[in-house]
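Listed below are the residues making up each chain.
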Amino acid sequence: MPSSPKRKPEADATIDDSPPTTAKKPRLETTTPDHDTDFPTDDIVTDKSAPDSQISVPQALAYWSSIPPTVSGVLGGFPQVSRIDLQGSRNFLAKLRRSSTPAAASKKKLTRALDCGAGIGRVTTGFLSKVAETVDIVEPVKVLTDQLTPGEGGVGRIFNLGLEDFPPTAAESDEGVGPYDLIWNQWCVGQLPDATSISYLKRLPSLLAPGGWIVVKENLSNHYLGEDVYDEVDSSVTRTDGKFRKLFEEAGLKVVASEVQRGMPKDLFPVRTYALQAV
């Protein structure tokens, strides 16, 4: 299921995600800073009072099946952020590739990418198909993926599965899955409880081509108490940066680069992109 940009609760304090006052370009954070965590480690899998415990897959599926299959629909009524978001993603990947091995940087196009929680394929058609020869799709809501045609515009296979059920078993997929140079997860991991997110992320490295990346691009909670925030509209959770990094650690992944999306409206949650590889 996709998720979307989200408006900040008015009572929450904000974090400063504004562009620097100088003309310097934002640079990737290629080291992982220390982050204070205000929750015990075992909260990720055992805390039944945590916001992610309220996530309901049937409720989320019902919501995403009811929205218009348009950019405005999948972006929660904020279609104006699409151009900003896609440009930010292109810039992030370009810098990531330049900072990696010379072979990856010199390659004109990636061979195969995977768009997870793809919705109508906004990210596929607006970004991934321009940097990869073929883009496979993972999205459980068929009314959304009906907007895409395999074999057209770089679209490869379409898996109508939830992230919790991906990849399909060998019995369910006669062609196998991957390998992928890039697995892109945007505004979708918030639809999974913490423990399910860890399980899902643990499965992804086996689908990567050598030197490939898992990317997670999500809203960040800036709750004044440093807590995750549950959204009852689409039954998703907006996590803190510290929580994301803890989930990645639990999944055996390391953050190799990270960056805050620039140019997002100030009344929306900030958005951060993480590039991950296996430890």
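Cut-off values and rules
Residues numbered from 1 in each chain as written. Predicted model: local features only at pLDDT ≥ 70, side-chain atom pairs only at ≥ 80, totals over all residues. Heavy atoms only, no water. UniProt positions renumbered as here; feature names shortened; annotations may be inferred. Buried < 20%, exposed > 50% of the residue type's maximum accessible area, 1.4 Å probe, protein only. Helix = DSSP H or I, 4+ residues; strand = E, 2+ residues; numbered from the N terminus. Pairing = 2+ DSSP bridges. Right-handed = clockwise from strand over helix to strand, strands pointing away. 1 Å grid on protein atoms, 1.4 Å probe; cavity = no way out; pocket = protein on both sides within 12 Å on 5 of 7 lines; lining within 4 Å. Contact = heavy atoms within 4.5 Å. Polar contact = N/O pair within 3.5 Å; in protein donor to acceptor, adjacent residues only side chain to side chain. Phe/Tyr/Trp six-rings, centres within 6.5 Å; stacked < 30°, edge-to-face > 60°.

- Looking at an unreviewed UniProt entry, the protein chain carries the name Alpha N-terminal protein methyltransferase 1, with the source organism given as Cryoendolithus antarcticus.
- UniProt, in its Sequence similarities (unreviewed entry) section for the protein chain, records the words "Belongs to the methyltransferase superfamily. NTM1 family."

1. Observations regarding the pairing of strand β4 (residues 180-186)
Line of reasoning, step 1. Burial within β4 is extensive, with 7 of its 7 residues counted as buried.
Line of reasoning, step 2. Relative to β4, strand β1 (residues 110-116) runs parallel, the two being bridged by 4 bridges. If you follow C116 over to β4, its bridge partner there is N185.
Line of reasoning, step 3. Pairing analysis gives 6 bridges linking β4 to strand β5 (residues 208-219), with the strands arranged parallel. Within β5, the position partnered with N185 by the bridge is V216.
Line of reasoning, step 4. The parallel pair β4 and β5, bridged by helix α8 (residues 194-203), forms a crossover whose chirality is right-handed.

2. Focus on the UniProt feature "binding site: S-adenosyl-L-methionine" (unreviewed entry) in the protein chain
Line of reasoning, step 1. Taken from the UniProt record, the annotation "binding site: S-adenosyl-L-methionine" (unreviewed entry) applies to G117, R122 and Q186. A stretch of 70 residues holds the annotated residues, and the largest C-alpha distance among them is 10.6 Å, short enough that they meet in one place. Of the annotated set, the members that line the largest cavity are G117, R122 and Q186.
Line of reasoning, step 2. Mapped onto the elements, R122 comes out in helix α6 (residues 122-131).
Line of reasoning, step 3. When sequence neighbours within four positions are dropped, the list of residues in contact with R122 reads V71, L75, S82, D85, L86, F127, Q186 and W187.
Line of reasoning, step 4. Within the structure, R122 has its side chain in polar contact with the side chain of S82 (distance 3.1 Å).
Line of reasoning, step 5. With respect to the element layout, Q186 can be found in strand β4.
Line of reasoning, step 6. Discounting residues that sit within four places of it in the chain, Q186 has contacts with D85, S89, C116, G117, R122, V123, K217 and E218.
Line of reasoning, step 7. Engagement of the side chain of Q186 in a polar contact is seen with the side chain of D85, the distance being 2.6 Å.

3. Re the packing of aromatic side chains
Line of reasoning, step 1. For the coordinates displayed, the defined rule picks out 6 aromatic pairs.
Line of reasoning, step 2. Relative to W64, the ring of Y63 has its centre 4.9 Å away and its plane inclined at 85°; by these criteria the two rings are edge-to-face.
Line of reasoning, step 3. We classify W64 as buried; its relative accessible area is 0%.
Line of reasoning, step 4. Taking 5.4 Å as the distance between ring centres and 70° as the angle between the ring planes, the aromatic pair formed by F159 and F166 counts as edge-to-face.
Line of reasoning, step 5. Feature note: the residues F244, F248 and Y274 constitute an aromatic cluster, connected by ring pairs.

4. Observations regarding unusual backbone geometry
Line of reasoning, step 1. Each neighbour pair has its own omega, and for F166 with P167 the value is 0°, a cis peptide bond.
Line of reasoning, step 2. Among the secondary structure elements, P167 is positioned in the loop between β3 (155-159) and β4.
Line of reasoning, step 3. With omega at 0°, the peptide bond leading from G178 into P179 counts as cis.
Line of reasoning, step 4. Within the fold, P179 resides in the loop between β3 and β4.
Line of reasoning, step 5. Positive phi is not limited to glycine here, since W187 has a value of about 50°.
Line of reasoning, step 6. Note that W187 resides in the loop between β4 and α8.
Line of reasoning, step 7. We classify W187 as buried; its relative accessible area is 2%.
Line of reasoning, step 8. For S235, which is not glycine, the phi torsion reads 55° and is therefore positive.
Line of reasoning, step 9. By the element assignment, S235 lies in the loop between β6 (229-231) and β7 (236-238).
Line of reasoning, step 10. Exposure remark for S235: the relative accessible area of 0% places this residue in the buried category.

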